[in-house]
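Observations on chain architecture
The chain contents come next:
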Amino acid sequence: MTRPVPAPRSMQLSLFDDGSPASHTLMSVPPDAPPMVSAPAPTPRLPAAPASPSAAPAVSRHPQAQREIRLSGHLVAYALKRGRRRSIGFVVGMDGLSVSAPKWVGLAEIDGALVEKGDWILRKLREQQDRARRLQAAKVEWRDGTTIPYLGDTLIVVLDARAGLKPGGAVLNSDAAALPGVPRLTLHIGLPHTATPEQIRDSVQSWLQREARRVFEDRCRHFTQLLGVQYKRLSLSSAQTRWGSASADGSIRLNWRLIHFALSTIDYVVAHELAHLREMNHSPRFWDVVRSVMPDFEKARGTLKDDVLPAFD
């Protein structure tokens, strides 16, 4: 394949995440046409599983709600904001439904637009509630015996202040004889049982970041050979909205939280970013490059959308 003319050094392409919460969905409704959903730019987000309108919450109330409407029998209290705009906009976020409308549009017309897209609104409200529950369940209680995902497996954190473990250090143990369904990985942290949750969290995070760099460097070496490219620098990122990025100068950034995922998912992100060193775009040629080293990359990409990572804060 002929390589393209190198992009300007300031150009950077990012693989977005989707570890970032899908906080809102925007729908714009022109006043003189049936409501239509505005298609957002495709990004690997982590949405909750779709739900049917009938499974939508019986009551949804925005904290700043001024109006209420019944959609398919479900009460939805929404926040209404008037402004200088040409269309009616719907935003479904963690707080509920917000509506922005031109000053000249009547309340009956606003409610009519809501009814017209009632199924869509109820589905998005349910997705947000499902996501809130999943995020709540993902909160980590930082204590002896807590569990976190590591390379797609379950890792048990063990407080172990024995001699030989330096303070804040960590040793990974694997029990090959563990029973099916029982976590076989234990991370022994060099902290006493009196350690605070913050100390435990910081020690675990430091170890995970060291592991992330080790694994990422190994996978970058693997894929640079397959793709015939070279990168100049690899750095870890803590970004909330992207899994990785590649710059035309050969710099690669990878989110350390990828260490929670199975190796196949990490490989997809690594291959994705390194492929940009051949195609600094998302054209069909770019995806052909990714597919040449990961024929089933779509499956690995799906985990970036579906999995909810542990909350470290």
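Relevant structure appears above.
Residues numbered from 1 in each chain as written. Predicted model: local features only at pLDDT ≥ 70, side-chain atom pairs only at ≥ 80, totals over all residues. Heavy atoms only, no water.

**Comments concerning the overall build of the protein**
The cut-off we apply is this: Helix numbers and strand numbers start at the N terminus; a helix is a DSSP run of H or I with at least 4 residues, a strand a run of E with at least 2. Only protein chains enter the accessibility calculation, which uses a 1.4 Å probe; a residue whose area is less than 20% of its type maximum is buried, one above 50% is exposed, and one in between is partly exposed. Reported accessibility uses the Shrake-Rupley method at a 1.4 Å probe radius. Residues are deemed covered only where the shown protein chains occlude them.
On a plain count of helices and strands, the protein comes out with 6 helices and 14 strands. Taking all 313 residues of the protein together, 42% fall into the buried category. Element-wise, carbon and sulfur atoms account for 53% of the exposed surface of the protein, whose accessible area totals about 16,200 Å².

**Considerations on helix H2 (residues 118–137)**
Formally: Expected span, for any helix, means 1.5 Å times one less than how many residues it has.
The end-to-end C-alpha distance of H2 is 29 Å, a good match for the 28 Å that 20 residues give at a rise of 1.5 Å each. Regarding H2, the residues found buried are Gly 118, Trp 120, Ile 121, Leu 122, Lys 124, Leu 125, Glu 127, Gln 128, Asp 130 and Arg 131.

**Considering the sheet that holds strand S10 (residues 170–174)**
This is how it is decided: When DSSP finds two or more bridges between two strands, those strands count as paired. Helix axes are fitted only over the stretch in contact, all axes being lines through C-alpha atoms; the angle between N-to-C directions runs from 0 to 180 degrees. Contact criterion: two residues are considered in contact whenever any of their non-hydrogen atoms come within 4.5 Å of each other.
Taken in spatial order, the 4 strands make up an open sheet running S8-S9-S11-S10, and their pairing is mixed. The open sheet terminates on both sides in strands that have one partner only, identified here as strand S8 (147–150) and S10. In this sheet, adjacent strand axes meet at a mean angle of 30° when their direction is disregarded. In this sheet, strand S11 (residues 185–189) lies alongside strand S9 (residues 153–159) in parallel orientation, the contact comprising 5 bridges. Its bridge partner being in S11, Val 158 is matched across the sheet by His 188. Packed onto the sheet, helix H3 (residues 197–227) meets S8, S9, S10 and S11 and runs at close to 10° relative to S8.

**Overview of the nonpolar core**
Under the convention used in this document: Definition used in this section: a nonpolar core is a set of buried Ala, Val, Leu, Ile, Met, Phe, Trp, Tyr and Cys residues joined via side-chain atoms within 4.5 Å.
With 50 residues, the main nonpolar core has Ile 200, Val 204, Leu 208, Phe 216, Leu 254, Leu 258 and Tyr 268 as its most contacted residues. Looking at which element gives the most residues to this core, the answer is H3, with 10 residues. Those residues in contact with Val 204, other than ones at most four positions away along the chain, are Trp 142, Ile 148, Val 157 and Ile 189. The next biggest cluster of nonpolar side chains, apart from the first, holds 19 residues, and it includes Ile 69, Leu 71, Tyr 78 and Leu 122.

**Examining the pattern of salt bridges**
The following threshold applies: Definition used for salt bridges: Asp or Glu carboxyl oxygen within 4 Å of a side-chain nitrogen of Lys or Arg.
Applying the stated criterion across every chain, the model contains 16 salt bridges. Glu 279 is paired through a salt bridge with Arg 285; the nearest N and O atoms lie 3.6 Å apart. Overall, Glu 279 belongs to the buried group, its relative accessible area being 1%. Overlapping salt bridges bring together Asp 218, Arg 219, Arg 221 and Asp 267 as one network.

**Side note on the packing of aromatic side chains**
Quick reminder of the rule: Ring geometry is summarised as follows: Phe, Tyr and Trp rings, the Trp one being its six-membered ring, pair when their centres sit within 6.5 Å, and such pairs are stacked at plane angles under 30 degrees, edge-to-face over 60 and tilted between the two.
In the structure shown here, the tally under the stated rule is 5 aromatic pairs. Consider the rings of Tyr 150 and Trp 207, whose centres lie 5.1 Å apart with planes at 50°: the pair is tilted. Of this pair, Tyr 150 sits in strand S8 while Trp 207 is found in helix H3, placing the two residues 57 residues apart along the sequence. The same class applies to Tyr 150 as to Trp 207, namely buried. Ring centres of Trp 243 and Phe 261 lie 5.4 Å apart, and the angle between their planes is 85°; this geometry places the pair in the edge-to-face category. Of this pair, Trp 243 sits in strand S13 (residues 242–247) while Phe 261 is found in the loop between strand S14 (251–255) and helix H4 (263–275), placing the two residues 18 residues apart along the sequence. For the pair Trp 243 and Phe 261, one class covers both residues: buried.

**Structural notes on the environment of Tyr 231**
Within the fold, Tyr 231 resides in the loop between H3 and strand S12 (233–237). For the pair Tyr 231 and Arg 221, spaced 10 residues apart in sequence, the C-alpha separation works out to 9.4 Å.

**So, the packing of helix H5 (residues 284–293) against helix H6 (residues 297–306)**
For clarity, the threshold we go by: Any angle from 65 to 115 degrees is called roughly perpendicular, while one under 35 is roughly parallel, one over 145 is roughly antiparallel, and all others are oblique. Residue type decides the class: Asp, Glu, Lys and Arg count as charged, Ala, Val, Leu, Ile, Met, Phe, Trp, Tyr, Cys and Pro as nonpolar, and the leftover types, Gly among them, as polar.
At a minimum axis distance of 10 Å, the contact between H5 and H6 shows a crossing angle of 100°. Regarding the angle of H5 to H6, the classification is roughly perpendicular. Together, Trp 287, Val 290 and Arg 291 of H5 and Phe 297, Glu 298 and Arg 301 of H6 make up the contact between the two elements. Of the residues in the contact of H5 with H6, the class split is 3 nonpolar, no polar and 3 charged.

**Describing H6**
Stated formally: Directions from the helix axis toward the C-beta atoms define the arc.
Buried within H6 are the following residues: Phe 297, Ala 300 and Leu 304. Seen end-on, H6 carries its buried residues on one side only, within an arc spanning 70°.

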